[in-house]
Amino acid sequence: MPGLGATALVLFSGCASLPTPVSLQAGAGQELSYSQGMGCVQGGADTSDGFLLTSLCAQPKDRSRSVLIVRVSNRTGRPVTIHEGAITAQSSTGPLEVLAHTALMREEKTRQTWAAIGAGIAAAGNSMAASTAGYSSYQGTAYTSATAYGPGGYARANATTTYSGTAYDGAAAAAAQQRANAENARLFERLEAEKQMGEQAIEGALRTHTIQPGESHAAFVEMELPRQRKGGPQPVEVLLRVHGTETRFVMSVGP
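Treat the numbers as computed from the prediction; the structure is a model and nothing was measured. (Residues numbered from 1 in each chain as written. Predicted model: local features only at pLDDT ≥ 70, side-chain atom pairs only at ≥ 80, totals over all residues. Heavy atoms only, no water.)

### Some remarks on the overall build of the protein
For step 1, the next point in the chain: Within the protein, the secondary structure is distributed over three helices and 15 strands.
For step 2, the next point in the chain: Burial statistics for the protein: of 255 residues in total, 36% are counted as buried.
For step 3, the next point in the chain: In the protein, 66% of the contacts between residues at least 6 apart in sequence involve partners at least 24 apart.
For step 4, the next point in the chain: For the protein, the computed accessible surface area is about 14900 Å², with 54% contributed by carbon and sulfur atoms. (Helix = DSSP H or I, 4+ residues; strand = E, 2+ residues; numbered from the N terminus. Buried < 20%, exposed > 50% of the residue type's maximum accessible area, 1.4 Å probe, protein only. Contact = heavy atoms within 4.5 Å. Areas by Shrake-Rupley, 256 points an atom, 1.4 Å probe, with all protein chains shown as cover.)

### Here's the deal with the sheet that holds strand β14 (residues 234-242)
Sheet strands line up and pair through hydrogen bonds in the backbone, either parallel or antiparallel.
For step 1, the next point in the chain: Reading across the sheet, the five strands line up as β1-β15-β14-β7-β8 and stay open at both edges, with antiparallel pairing between neighbours. Here the strands that pair on one side only, and so sit at the sheet edges, are β1 (22-25) and β8 (94-96). Neighbour-to-neighbour, the strand axes of the sheet open up by a mean angle of 35°, direction not taken into account.
For step 2, the next point in the chain: In the sheet, β1 pairs with strand β15 (residues 245-253) via four bridges, with the strands oriented antiparallel. From the neighbouring strand, Ser23 faces β15, where its bridge partner is Ser252. (Pairing = 2+ DSSP bridges. Axes fitted to C-alpha atoms, helices over the stretch in contact; angles between N-to-C directions.)

### Structural notes on a nonpolar patch on the surface
For step 1, the next point in the chain: A contiguous nonpolar patch, built from Trp114, Ile117 and Ile121 and spanning about 370 Å² of accessible area, is present on the exposed surface.
For step 2, the next point in the chain: Structurally, the position occupied by Ile121 is in helix α2 (residues 101-131). (Patch = residues over 30% accessible without salt bridge, like charges linked within 9 Å, V, L, I, M, F, W, Y side chains within 5 Å. Salt bridge = Lys/Arg side-chain N within 4 Å of Asp/Glu carboxyl O.)

### Considerations on the sheet that holds strand β4 (residues 50-60)
For step 1, the next point in the chain: Here six strands make up an open sheet; going across it, the order is β2-β3-β4-β5-β13-β9 and the pairing antiparallel. Each of the sheet's edge strands pairs with one partner strand only, and the pair in question is β2 (31-35) and β9 (98-99).
For step 2, the next point in the chain: As paired strands, strand β3 (residues 38-47) and β4 are joined by nine bridges and run antiparallel to one another. Counterpart to Gly43 in the pairing with β4 is Thr54.

### Thoughts on the state of the cysteines
For step 1, the next point in the chain: The final tally for this structure, using the stated rule, is one disulfide.
For step 2, the next point in the chain: The disulfide bridge from Cys40 ends at Cys57, spanning 2.0 Å between sulfur atoms. Here the disulfide of Cys40 and Cys57 is right-handed, its torsion about the S-S bond being about 110°. Of the two residues, Cys40 sits in strand β3 while Cys57 sits in strand β4, which places them 17 residues apart along the sequence. (Disulfide = S-S within 2.5 Å.)

### What about helix α3 (residues 170-202)?
For step 1, the next point in the chain: When the terminal C-alpha atoms of α3 are compared, their 48 Å separation across 33 residues agrees well with the 48 Å that a helix rising 1.5 Å per residue should span.
For step 2, the next point in the chain: Restricting attention to buried positions, one finds in α3 the residues Ala173, Ala176, Ala180, Asn184, Leu187, Leu191, Gly198, Glu199, Ala201 and Ile202. (Expected span 1.5 Å × (residues − 1).)

### Regarding the pairing of β15
For step 1, the next point in the chain: The pairing of β14 with β15 spans nine bridges and is classified as antiparallel. Paired with Leu240 across the bridge in β15 is Thr247.
For step 2, the next point in the chain: Where β14 hands over to β15, the hairpin turn is made up of two residues, of which His243 adopts a positive phi near 55°.

### Some points on the pattern of salt bridges
For step 1, the next point in the chain: Following the criterion strictly, the structure yields 13 salt bridges and no others.
For step 2, the next point in the chain: A salt bridge links Arg207 to Glu203; the shortest N-O distance between them is 2.8 Å.
For step 3, the next point in the chain: Arg207 sits in the partly exposed class, given a relative accessible area of 33%.
For step 4, the next point in the chain: For Glu203, a relative accessible area of 51% translates into the label exposed.
For step 5, the next point in the chain: The closest approach of N and O atoms between Arg248 and Glu246, which form a salt bridge, is 3.5 Å.
For step 6, the next point in the chain: A relative accessible area of 44% means that Arg248 is categorised as partly exposed.

### Overview of the side chain of Thr245
For step 1, the next point in the chain: On the secondary structure map, Thr245 appears in strand β15.
For step 2, the next point in the chain: There is a polar contact of 2.6 Å between the side chain of Thr245 and the backbone oxygen of Val242.
For step 3, the next point in the chain: With residues up to four places along the chain from it excluded, the contact list for Thr245 reads Ala45, Asp46, Thr47, Leu52 and Leu240. (Polar contact = N/O pair within 3.5 Å; in protein donor to acceptor, adjacent residues only side chain to side chain.)

Structure, rendered in structure tokens:
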């Protein structure tokens, strides 16, 4: 799908474990094809004034989600609007959550909030460590002894003195503060870069969009996968509703 390659790469990267496999199956009047290893099913629906050409591609994201990419080509004589909630999914155990732009952005904002909290704690730790740099403490014990002689004899005295204190090295303190400032700057630069990357990855997610006659539109959603059970793959039905039409796609989830 043109325009979604970079988004897909961002979404599929960083998975810590093997993703749950998913595959599409062509139904009546549909055709299954592959694009760089990703399965896609093409179908369509008749309308009162033309035809809607639709396709759905599926690729696993991680163990609990799959990414679905939908494409709608408007072959009618009037504008067609695809809504953010146009895609729903159902397994044998019930409905599956489908996350389009609004839900994915909400997740991203939550991630950004927790990342900012973590960065703030780390920056505070760096600053606190720098504020105590340059200071050093010392302590010790001094022993003295004295003897005095006189006509009647002599006298002897011993004394023990304990001392302590704090020394300050201004140059060391300044260097430590500079290092903390530089580390905190890098920390917040990384935070901002991750924020921009996260929001950019969601830019191609499905939201309400009007497709003019003769034009096409592609977008993606993320679908929660059903719990894996023994006995083989589970069937999932994906339903696409556009302009009063319904197109059903069948998926197989699991090894």
